[in-house]
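Analysis of the macromolecular model
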Amino acid sequence: MHTARRACAAAVLLLAAPAVPARLARSAGLLTAQGTAPLRISGTLRSAESREVVRHARVVADRSISVESNEEGVYFLALAAGRHRVEVRAIGFAPFDTTISLTASQTLDVMLVRSQVTLATVAVTATNEQADIDPKSPEMSIARLDVQTLRQVPAALGEVDPIRSLTLLPGVSSSSDFTTAINVRGGGSDQNLILLDEATIYNPSHILGFLSVFNSDAVDDATLYKGAIPPRFGGRLSSVVDLRQREGNANEFAASATLGLLASRLAVEGPLKGKGSWLVAARRSYADVFTKASSDPDIRNSVAYFYDLNAKVTKPLGEHGMLVASGFFGRDRFGVGDQFGAGWGNKSGTLRWNEIVRDRLYSKVTLAASNYDYRLTFPIGNDSTQWTARVKSLDLKIDESLHLSPGHRLEFGVQGTLHGFSPGEVKPLGESNLARKKVPERSAMAGALYLGEEREFGERWAIRYGARLSGFVRTGTATVFRYANDQPLVYDSLLGRYEPGAVVDSTRYGAGEKVQAYGALEPRASLRFSLDKGTSLKASYARTVQYLHLASKTNSPTPLDVWEPAGPYLRPQRADQVALGMQRITPGQAWDLSAEVFVKRSRDVVDFVDGADVILNEKLETLILQGRGRAWGLELFARRQVGKTTGWVSYTLSRSEQRFGSGAASATTSAPGINNGEWYVSPYDKTHDLSVVAMRPLSRNWTMGTTFTLASGLPATFPESRYVVDGLILAEYGPRNAARLPAYHRLDLAFTRKMRRGELQLGVFNAYNRFNAQSMSFRQTKDNPLASEAVQLSVFGIVPSISYTRHF
């Protein structure tokens, strides 16, 4: 494989650099002003403290040529022979500045020292250093979170959560306090591709959604692509959340232990013999320890806890190669005596080899496996039954990045995925007479080829464009039903509701046989025009396609994820998004300001008819309608990076709507779709969403962090009238999502004390005890059965927290 990849790279080099006149070659950056080919500098940026890679840092030569280190800390520069000034800027690290004399292409690995700041003496000062974010880059609609910064931000029950923290950024929201499922630019939570070291995490939730599965001791950073998604990513409609685990300390053994109200954490790391590093991080909650001390037998016999384990090993191979192996295992357990039990969890593993080839090609081969499963145990009469389900995938990716000249880069690759879905199996436990039922498994294969190019044209213009050619094949073993008039779902005008279509035949497909195939071309492009050194205008376009659908009826937190692949009656979802924006970094880099407007149009999005029951249903096509979606909005972001008070403000003004017409109706009836075929707001639409994050030192050892959130209430469907039948009140509900819950607002506080070998954090979630509505239901009153009342569900009032971390 290594020889084949080098041959492929050589072919691309020949094709990408044909013979051209010297004048044209110089204008394109292929030759220097002296008519010679540029020399190349490549290397890896690492922390001097631990030798871990530093991602997304800016490397600047001669204050004019700027590049960014990639996800593995690797960078490339192309310069003329001679003396050059090279600077490196990274969030959380002291600036690096050196002068080199370049006579031949060479490797320059850089060790960065973490910033040493005495908090009590920080003052607002202007600086001529390069900013952490480069306005000259063509990328837009991207947000990155540094875990070190997040440790100063208030966290629910003291647990820093990278996924929950994303909701503090523009364009990202959640449907309740009790979920880590995020909605990006009007999309559903299943439209986000969540990757941990390039392995897919299908359900990133602990405690039914209260926390994510990502341990802050193991995660280094998180990057969110919400618009101009690079062509190497695909498979989801709205966004990509790319999380990378830490590599571990390659200099010396280190450990940390954290004790909190909700859970405790332990992380150990150190160097391998020779070269390389390793890291192991574990976390476990202990609510079950306290329930054992209860005098109530039901509570004493209950189970409620979660745990997770992260591990990573890195080993250099040769002069420029690296072998990386990482894994994740997480589990939740919940049960009430012999009445009910549940368990769910994720497993993932990644094996990656990356190498710098001939100072211009960065090559990477990745094998990643993912598995999400859940099981429920519940009584039926005097018997017990267990329900199990899972979704799994195996990915192989070959990614290449070819650096041709200053400001000119190609990226290309091939990807393949095997999918397996087990929607559900119910089987009796013990000597039971209950019947066993299993929904047939689904299988699929997916593949993609992609090619992208990034070019700079002088000081003002830069463009990044490319395309992704994706394919998807639904395979057997499978039984596909055929319905009358080819309509799996018909509208009964007499009953005023949708009904399953009549089955007239079925076709059986053997293992590996093609059931249905789809393909799509997904173009992506972004453009940058610089107004001056610190200000740029940007535009982007992206088409995305999603072949997997989450068969879920609600935004409520639940482990019961039923994924359904595209097939004969279920088309892939498609979306087109256009965004325009401006970014400005003020003099002295005190403020980073950005504004973006976006418009997104979606096709074949999924919703369910009223009364749909997806549990253990092998004919999901009889419950699903496919329609259109649209979203648009304005996103404003301001971040202060210099001074005693730092932080950011984000605001989103947006709209997200859906429309499901009569496309699923039979030819002989008039079907209204949903909401009479009219546009209606999606369940996760928020008109206004404001977040304010601030951090400030109070003394030499104490720091305060605060967040304030204000947002419109989520859409809801309320009854408009009622009927009384035999003493019972029957509600007549109005149009779907035509009403809204009350406005949401919350203030969180955190106080952190730094000590010589430890850190103490005191926190208050929902400091002024606001009971925010998560949902609204209606019921008969106890005193008067003929009267009804609205009942608001609120999850949290004020919640204090305390945690202590000890470093060894």
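The coordinates are above.
All of these numbers come straight from a predicted model, not from anything done at the bench.

A closer look at the sheet that holds strand β9 (residues 142-146)
Strand order in this open sheet of five strands is β9-β16-β17-β12-β13, and the pairing throughout is mixed. The open sheet has two edge strands, β9 and β13 (199-200), and neither has a second partner. Bridge count between β9 and strand β16 (residues 219-225): five bridges; the pairing is antiparallel. By the bridge assignment, Ile-142 is partnered in β16 with Tyr-225.

Considerations on the pairing of strand β31 (residues 489-492)
Residue alternation in β31 divides its side chains into a buried set, Leu-489 and Tyr-491, and an unburied set, Val-490 and Asp-492. Relative to strand β32 (residues 497-500), β31 runs antiparallel, the two being bridged by four bridges. For Leu-489, the partnering residue across the bridge sits in β32 and is Pro-500. What sits between the antiparallel neighbours β31 and β32 is a turn of four residues, in which Gly-496 has the positive phi angle 70°.

Points about the sheet that holds strand β3 (residues 65-68)
Sheet architecture is open: four strands sit in the order β3-β2-β5-β6, paired in antiparallel fashion. Whereas interior strands pair on both sides, the edge strands pair on one side only; in this sheet they are β3 and β6 (96-102). The sheet shows a mean angle of 25° between the axes of neighbouring strands, taken without regard to direction. Relative to strand β5 (residues 82-89), strand β2 (residues 58-61) is paired through four bridges, and the arrangement is antiparallel. Across the sheet, residue Val-59 finds its bridge partner in β5, namely Val-88.

Quick notes on the packing of aromatic side chains
Within the structure shown, the criterion is met by 15 aromatic pairs. Relative to Tyr-569, the ring of Tyr-483 has its centre 5.5 Å away and its plane inclined at 75°; by these criteria the two rings are edge-to-face. Residue Tyr-483 is found in strand β30 (residues 478-483), and its partner Tyr-569 is found in the loop between β37 (563-565) and β38 (573-585); the two are separated by 86 residues along the sequence. Its relative accessible area of 1% is what places Tyr-483 among the buried residues. Following the ring pairs from residue to residue traces out a cluster consisting of Phe-210, Phe-765 and Phe-796. Over the ring of Tyr-305 we find Arg-284; its NZ or CZ atom is 4.3 Å from the centre of that ring.

Considering the side chain of His-84
Within the secondary structure layout, His-84 lies in strand β5. Given the relative accessible area of 9%, His-84 is considered buried. Within the local environment of His-84, its side chain forms a polar contact with the side chain of Asp-62, the two groups lying 2.7 Å apart. Among the polar contacts made by the side chain of His-84, one reaches the main-chain carbonyl oxygen of Ala-80 at a distance of 2.5 Å. Discounting chain neighbours no more than four positions away, the residues touching His-84 are Asp-62, Leu-79, Thr-98, Thr-99, Ile-100 and Leu-102.

Things to note about the environment of Glu-139
Mapping Glu-139 onto the fold places it in the loop between β8 (110-112) and β9. For the pair Glu-139 and Pro-230, spaced 91 residues apart in sequence, the C-alpha separation works out to 9.1 Å. Those residues within four positions of Glu-139 in sequence are excluded, and the remaining contacts are Glu-68, Arg-144, Arg-464 and Lys-538.

Rules of the game
- Residues numbered from 1 in each chain as written.
- Predicted model: local features only at pLDDT ≥ 70, side-chain atom pairs only at ≥ 80, totals over all residues.
- Heavy atoms only, no water.
- Pairing = 2+ DSSP bridges.
- Helix = DSSP H or I, 4+ residues; strand = E, 2+ residues; numbered from the N terminus.
- Buried < 20%, exposed > 50% of the residue type's maximum accessible area, 1.4 Å probe, protein only.
- Axes fitted to C-alpha atoms, helices over the stretch in contact; angles between N-to-C directions.
- Phe/Tyr/Trp six-rings, centres within 6.5 Å; stacked < 30°, edge-to-face > 60°.
- Lys NZ or Arg CZ within 6 Å of the ring centre and 35° of its normal.
- Polar contact = N/O pair within 3.5 Å; in protein donor to acceptor, adjacent residues only side chain to side chain.
- Contact = heavy atoms within 4.5 Å.

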